[in-house]
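Here is what each chain is made of, one letter per residue.
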Amino acid sequence: MLLGQTKKPNEASRSQSFRVSTVRFNMPINRFAALAIGCLLAISGSQPAHAAVGFPDPLPLSPLESRMLADPVAGQFQQFTLIEAALVASGVDRADDLERYRQRYIEWRDQARQISEHEQSPGRRSEALFEFMHGEILTGGYDPRATELMRVFDDGTFNCASATVMFTALATDCGLIVHAVERPRHAMCAMVIDGQRIDVETTCPNWFQLTAAMRREAELAAIAHSRGIGRPTDPREIRPTELVAVIYYNRGVDLLRENRFAEAVSVNLRALALDAENETAHGNLLASINNWALAQCAHGDYRAATDLLAQGLDIAPDHEPFHANRRHVYRTWIQFLATAGRQLDALAVLAAARQSEPDSPVWSYWAVRLSR
């Protein structure tokens, strides 16, 4: 999609705008009881995440969020529980609100402990805990956009991210061995029961009642479906801080879809602060910067657009959409100034464009045009 004037045949490639691709996979209700998987969202074109930390956060941190982001050591929170950290990442920024949610979780945790204590084996404790979660907590139904953990507390709605946070916290607090797992655009859990690893789709209320064959079919379908829209990545077990990062970057996808670019950039930066190797968050960050710059260009704020793309290139110097869109913004800016009769201003912008990309033939074309 081109923003601005139509290009001449010998000019640079078109501007590139990233779109959000939504993955939702629902099994037939009569087979798998509305198993909803693949709810995490991603932007294609991700790169290794380690370089992203240098981009300035456009929004201020609340005191609570500053404390939470500074809390982790080696993937573990020190002063915050998983539930507390996930609530802060979801947008809770007042200590009294956090305490209210914390007390509600303690009630659920105590009920879960009483239920699990009546079961003899880890397998039965896991199943009873899972049934309690879906019967008493996740009562509002699956919503692919219910990432924020407050949704679980306020109306019982959930997606794979919030359900995985809740089950991981409850199972850990009940003495079970559980690990959060990030699949391509999806979150789930893995448990160790009697020495065996068992995957748990936290969005499926009757997961423990499915046969092994039904579980395999559901997982294979989810993996195949998610791989169909982007470069596949292997599932990985993630630590508490990395699970909270999933909350952040999931929010970022929704914000990007709503064209709330500064907020999308901010939450993806915070995801990377907790999980520097998260390629999905890095890809989402690049898409947010890219589309923010294009929106600024479309609104005529060319300086802001070029500044954003320059900052993006600082963290991802080989990201071709940034190069292509910087050419697009400069060209649109020059054409706007030339059309307005501001020849000297147009020449000054052309000089800046040539300095940013000296070998581009686009600038020779514009030098000829402006000299007429």
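Our structure is the block above this text.
To start, this report covers the structure provided alongside it. Nothing here was measured: the structure is a model prediction, and the numbers come from that model.

Counting its secondary structure elements, the chain contains 15 helices and eight strands. Counting every position in the chain, which comprises 372 residues, the buried fraction comes to 54%. Across the chain, the fraction of contacts at a sequence separation of at least 24, relative to all contacts at a separation of at least 6, is 65%.

With that settled, consider the pairing of strand β6 (residues 186-193). For β6, a buried count of seven out of eight residues is recorded, marking the element as mostly surrounded by other parts of the structure. Note that strand β5 (residues 178-183) and β6 share six bridges and pair antiparallel. Bridging across to β6, R183 finds its partner in H186. Pairing of β6 with strand β7 (residues 196-200) involves five bridges; the strand directions are antiparallel. Residue pairing for β7: M191 is matched across the bridge by I198. Counting the residues that bridge the hairpin from β6 to β7 gives two residues, and of these D194 lies at a positive phi of roughly 55 degrees.

All right, on to the pattern of salt bridges then. Proximity of charged atoms lets side chains of opposite charge pair with each other. Applying the stated criterion across every chain, the model contains 27 salt bridges. Measuring nitrogen to oxygen at the nearest pair gives 3.3 Å for the salt bridge that ties E119 to R124. Under the relative-accessibility criterion, E119 is labelled partly exposed at 22%. Taking the relative accessible area as the measure of exposure, R124 reaches 31% and is therefore partly exposed. With a shortest N-O distance of 2.6 Å, R197 and E237 are connected by a salt bridge. You can see R197 sitting in strand β7 and its partner E237 sitting in strand β8 (residues 236-238), a full 40 residues away along the chain. For R197, a relative accessible area of 47% corresponds to the partly exposed category. Bridged by salt links that share partners, the residues R145, D254, R257, E258, R260 and E263 form one connected network.

The next point concerns the layout of surface pockets. The calculated volume of the largest pocket comes to roughly 460 Å³. If you go around the largest pocket, you meet 23 residues; those closest to its centre are T81, L82, A169, T172 and P240. Per-class residue counts for the lining of the largest pocket are twelve nonpolar, five polar and six charged.

The residue Q76 is located in the loop between α2 (63-70) and α3 (82-90) in this model. Spatially, the C-alpha atoms of Q76 and P240 are 5.9 Å apart, while their sequence positions differ by 164 residues. If near-sequence neighbours (up to four positions away) are discounted, Q76 is found in contact with D71, R239, P240 and T241.

Its location among the elements puts Y142 in strand β3 (residues 141-142). Classification of Y142 by relative accessible area gives partly exposed; the value is 23%. In this structure the C-alpha to C-alpha distance between Y142 and T157, which are 15 residues apart in sequence, comes to 5.7 Å.

Spanning 20 residues, helix α13 (residues 320-339) covers 29 Å between terminal C-alpha atoms, matching the ideal 28 Å at 1.5 Å per step. Following α13 by one or two positions, G341 has its phi on the positive side, about 75 degrees.

Phi angles above zero are rare outside glycine, and D194 is one such case at about 55 degrees. Along the chain, D194 turns up in the loop between β6 and β7. By relative accessible area, which is 64% here, D194 ends up exposed. Located in the positive-phi region is N259, a residue other than glycine, with phi close to 60 degrees. Along the chain, N259 falls in the loop between α9 (240-257) and α10 (261-274). Using a relative accessible area of 53% as the deciding quantity, one classes N259 as exposed.

The α-helix advances 3.6 residues per turn, and as a result positions three or four apart in sequence lie on the same side. Residues of α2 that are buried: L64, E65, M68 and L69. For α2, the angular spread of the buried residues around the axis is 125 degrees, confining them to a single face. Residues of α2 that are exposed and point more than 90 degrees away from the buried face comprise P63, R67 and A70. Residues of α2 that are buried sit in contact with α3, α4 (95-117), α9 and α10.

This part takes up the packing of α3 against helix α7 (residues 160-173). Two elements in contact, α3 and α7, have axes separated by 9 Å at closest approach and are oriented at 160 degrees. Classed by the angle they form, the pair α3 and α7 counts as roughly antiparallel. Seen from above, α3 lies across α7 with left-handed handedness. Contact residues: α3 offers L82, I83 and A86, while α7 offers V165, M166, T168 and A169. Partitioned by chemical class, the residues of the contact of α3 with α7 number six nonpolar, one polar and no charged.

Calculation criteria
- Once a new chain begins, its residue numbering starts again from 1 and follows that chain's sequence as written.
- Where totals are concerned, whole chains, interfaces and linings use all residues; where local detail is concerned, this predicted model gives features only for residues with pLDDT of at least 70, and gives and counts side-chain atom pairs only at 80 or more.
- Excluded from the side-chain calculation are hydrogens and water; included are all heavy atoms of the structure.
- Comment: elements are numbered from the N terminus, with helices defined as DSSP H or I runs of at least four residues and strands as E runs of at least two.
- Working definition: with a 1.4 Å probe on protein chains only, accessible area under 20% of the residue-type maximum means buried, over 50% means exposed, and in between means partly exposed.
- By the convention used here, residues are in contact when the closest approach between their heavy atoms is within 4.5 Å.
- A pair of strands is labelled paired if DSSP reports no fewer than 2 bridges between them.
- Any Lys or Arg side-chain nitrogen located within 4 Å of an Asp or Glu carboxyl oxygen qualifies as a salt bridge.
- A cavity here means a set of 1 Å grid points, computed over protein atoms only, where a 1.4 Å probe fits but cannot escape. A pocket is an open set with protein on both sides within 12 Å along at least 5 of 7 lines, and lining residues have an atom within 4 Å of a point.
- Grid points are joined across faces, edges and corners, and a volume is the space filled by probe spheres set on the points.
- Gly counts as polar in this scheme, as do all residues outside two lists: the nonpolar Ala, Val, Leu, Ile, Met, Phe, Trp, Tyr, Cys and Pro, and the charged Asp, Glu, Lys and Arg.
- Expected helix span is taken as 1.5 Å per residue step, with the number of steps being one fewer than the number of residues.
- Think of it as the arc spanned by the lines of direction from the helix axis to the C-beta atoms.
- Interaxial angles span 0 to 180 degrees and are taken between N-to-C directions of axes, which are lines fitted to C-alpha atoms, for helices over the stretch in contact.
- Each angle receives one of four descriptions, namely roughly parallel if under 35 degrees, roughly antiparallel if over 145, roughly perpendicular if within 65 to 115, and oblique otherwise.
- Crossing chirality is assigned from the near helix's rotation relative to the far helix, an anticlockwise turn below a right angle marking it left-handed and a clockwise turn marking it right-handed.

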